[in-house]
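# Breakdown of the fold
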Amino acid sequence: MLEIGSVVDGTYKVLNKIGQGGMSVVYLAMNERANKQWAIKEVRRQGVKDFDVVRQSLIAETDMLKKLKHKHLPSIVDVIENEGNFLIVMDYIQGITLKKALEENGALDQDDVIKWAVQLCDVLGYLHTRKPPIIYRDTKPANIMLKPDGDIVLIDFGTAREYKQYNVADTTCLGTQGYAAPEQFGGHGQTDARTDIYNLGATLYHLVTGQNPSEPPYEMRPIREINPSLSSGLEKIILKCTQRNPDDRYQSCSQLMYALEHIEEIDDKYRRRQKKKMFGFVSVVILMCVSFIASFYTNWLAVKTRTIDYKTEIEIGDKAAAHKEKIEAYKKAVNIDPSKSSAYMKIVDEDVADLEFTSEEELSMRALLQTISTNQKVINQQLLQEDKEEYAKFAFRLGTAYWYYFYADTNSHTQAAAWFKDVVSYGLEDKNDMKKAKLFCDIGTFYKNVKQQQEMGNDDGMYKKYWKTLMNLKREYEKESTGESIMFWLYKEIVSQTSEYRLYFKNDGISYEEINQTLLDIQQKLPEFTLMKHSKKEELEQLMENVNDAIILVDSAYHKD
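As a starting point, this report considers the structure included with it. (Residues numbered from 1 in each chain as written. Predicted model: local features only at pLDDT ≥ 70, side-chain atom pairs only at ≥ 80, totals over all residues. Heavy atoms only, no water.)

### Concerning the pairing of strand β4 (residues 36-44)
Looking down a regular strand, the side chains alternate between one sheet face and the other. Examined bridge by bridge, strand β3 (residues 24-31) and β4 share 8 bridges and lie antiparallel to one another. The residue bridging S24 from the neighbouring strand is V43, located in β4. Judged from the 7 bridges that link them, β4 and strand β6 (residues 85-91) form a sheet pairing that is antiparallel. The residue bridging R44 from the neighbouring strand is N85, located in β6. (Pairing = 2+ DSSP bridges. Helix = DSSP H or I, 4+ residues; strand = E, 2+ residues; numbered from the N terminus.)

### Structural notes on the sheet that holds strand β10 (residues 152-154)
Across the sheet, which stays open at both edges, the 3 strands sit in the order β7-β9-β10 with antiparallel pairing between neighbours. Edge positions in the open sheet fall to β7 (96-97) and β10, since each of these has one partner strand only. Note: strand β9 (residues 144-146) against β10, 3 bridges, orientation antiparallel. Residue pairing across strands places M145 opposite V153, the latter belonging to β10.

### Some remarks on a negative patch on the surface
A contiguous patch of negative charge, built from E538, E541, E545 and D549, is present on the exposed surface. Along the chain, E538 falls in helix α21 (residues 537-557). (Patch = residues over 30% accessible without salt bridge, like charges linked within 9 Å, V, L, I, M, F, W, Y side chains within 5 Å. Areas by Shrake-Rupley, 256 points an atom, 1.4 Å probe, with all protein chains shown as cover. Salt bridge = Lys/Arg side-chain N within 4 Å of Asp/Glu carboxyl O. Lys, Arg positive; Asp, Glu negative; His and termini not counted. Charge placed at Lys NZ, Arg CZ, Asp CG, Glu CD.)

### Considering helix α11 (residues 342-351)
With 7 of 10 residues buried, α11 lies mostly within the body of the structure. Those residues of α11 that fall on the buried side of the exposure criterion are A343, Y344, M345, I347, V348, E350 and D351. (Buried < 20%, exposed > 50% of the residue type's maximum accessible area, 1.4 Å probe, protein only.)

### A word on the nonpolar core
Core analysis: the biggest nonpolar cluster contains 78 residues, and F394, L398, Y404, Y477 and F505 have the highest contact counts within it. Ranked by residue count, the leading element in this core is helix α14 (residues 388-405), at 11 residues. In this view, F394 contacts S341, Y344, M345, V348, M365, L369, L384 and W419; residues no more than four positions away in its chain are not counted. Residues L68, I88, L204 and L207 belong to the second largest nonpolar core, which totals 53 residues. (Core = buried A, V, L, I, M, F, W, Y, C linked by side-chain atoms within 4.5 Å. Contact = heavy atoms within 4.5 Å.)

### So, the packing of α11 against helix α12 (residues 359-370)
Where α11 meets α12, the axes come as close as 11 Å, and the angle between the chain directions of the two elements is 175 degrees. In terms of their interaxial angle, α11 and α12 are classed as roughly antiparallel. Here Y344, I347, V348 and D351 of α11 lie close against α12, whose contacting residues are E361, M365, L368 and L369. (Axes fitted to C-alpha atoms, helices over the stretch in contact; angles between N-to-C directions. Parallel < 35°, antiparallel > 145°, perpendicular 65-115°, else oblique.)

### What about the environment of L120?
Summarising the element assignment, L120 is placed in helix α3 (residues 110-128). A residue is classified by how much of its surface remains accessible, and L120, at 2% relative accessible area, is buried. L120 sits 32 residues away from I152 along the chain, and the two C-alpha atoms are 8.0 Å apart.

### Topic: the pattern of salt bridges
Here the structure, examined in full by the defined rule, presents 22 salt bridges. Salt-bridge contacts for R366 lead to E362; the nearest nitrogen and oxygen are separated by 3.1 Å. Of this pair, R366 and E362 both sit in helix α12, 4 residues apart, which is roughly one turn of that helix. Classification of R366 as partly exposed rests on a relative accessible area of 35%. For E362, a relative accessible area of 2% corresponds to the buried category. Between K393 and E390 there is a salt bridge; the shortest N-O distance is 3.4 Å. You can see K393 and its partner E390 sitting in helix α14, 3 residues apart, about one turn around the helix. Taken together, the shared-partner salt bridges connect K474, E478, D521 and K525 into one network.

Shown next as structure tokens:
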């Protein structure tokens, strides 16, 4: 570690430490000749797993930033590397993130948000006009610093990329769920400047409404439905920014900046259209009253017929022998009544019956939820959410499928956690499942944040809480005599994470006896998994070996002979 008072590279005097964690330490330093403060981030080789991978990631980010010069971007002034550590000297930015401002104040002042939006258009437009263009891909309140003078700075270039003209699609899916554009999740083409426009629109939505699009119910409604006092012009701008099809958004940051700077003109047009609509309102009301009586009886018959057809398709699926026939019948039931949860849950159960939730099955379920209902003109998921209890049951079932059976994406725990958050948000009468959903959310939050907190030096104490949460989840499932498949994957997760985080567990005060007894308990129970010996014999044998290895690694970490 750098010593307080020492001078780095003959230039930067270390004043004090402002952050520390498992991977990095951040210091405040002074260039006394220039009378300017800087931040120095130190990443030490010792104790960092895959240091070379971390080093390459840091080099890529710093190389990109060193080429840029803009008043709303941080400056990287120096990169110093020696045998023991890797130092990055950068701007020391005073202020708070807009995420922190939201947490302290709720929805922010509309005029301030519009001012910041223009500044963000300026800096994103600057990035897009580099050669090659740089696509930022992660605009969100947490990545925007608000300085004491009221201006903003865009930080964290971990997901930024240089645009490659002839690429058909991105090679990785990066961004933050809720703020990220559809094309950022793979299979929808390459991200470009319009991706950043979507991210910015979602950010503006969060800032003026106070509602986080990355939290349940994961939607962005017209902002005036939430706060009628907001500008209708700003509402139109946000709606256009967040269109699913990039061709329907603003095509450049300059276009968006022009709209923001002429927002009152958009408001005037909106008012004129609203006045025209009012003239037809009375006649529409009369027609609705006349048609209501006639349609009531017809609707009643339709509902009764739909209920009978729905049950018939469920029965057909239950009796079918082949997987494909079952799924087709359950999907027909969904099409008949998308608001009922039974058919969705039948599909999930059938998909994981072979102990794997494949990428094809996951895409099919996602497409089914996003399908626009023929009669209701909204997506199926919104109809399903109308019954909160039934939706929460489905969300728990699907969250479990993502967590334990979805191997196609390393981000499966994050996707699962989003569904478990829905369970908590919508409420579940089953107290045991509700408790498990909260535990899954806590573990998902750990997986999401641990790497960043390590880099920032703020990971102390995280691992003890994570271990206790894992143990609580283990106890919840064991007391219910849960099926072998769930217990197998839960034990596998415990063994794997114990091997990886054993030193962190030790440093956070988890006793050797507690960890060792947990591993011995798992070691004793695995031979009793009779069904797994037939369906997943190799995986079961491998897990038994992994338990033995984990015991040895823990003994070594705690210096046990």
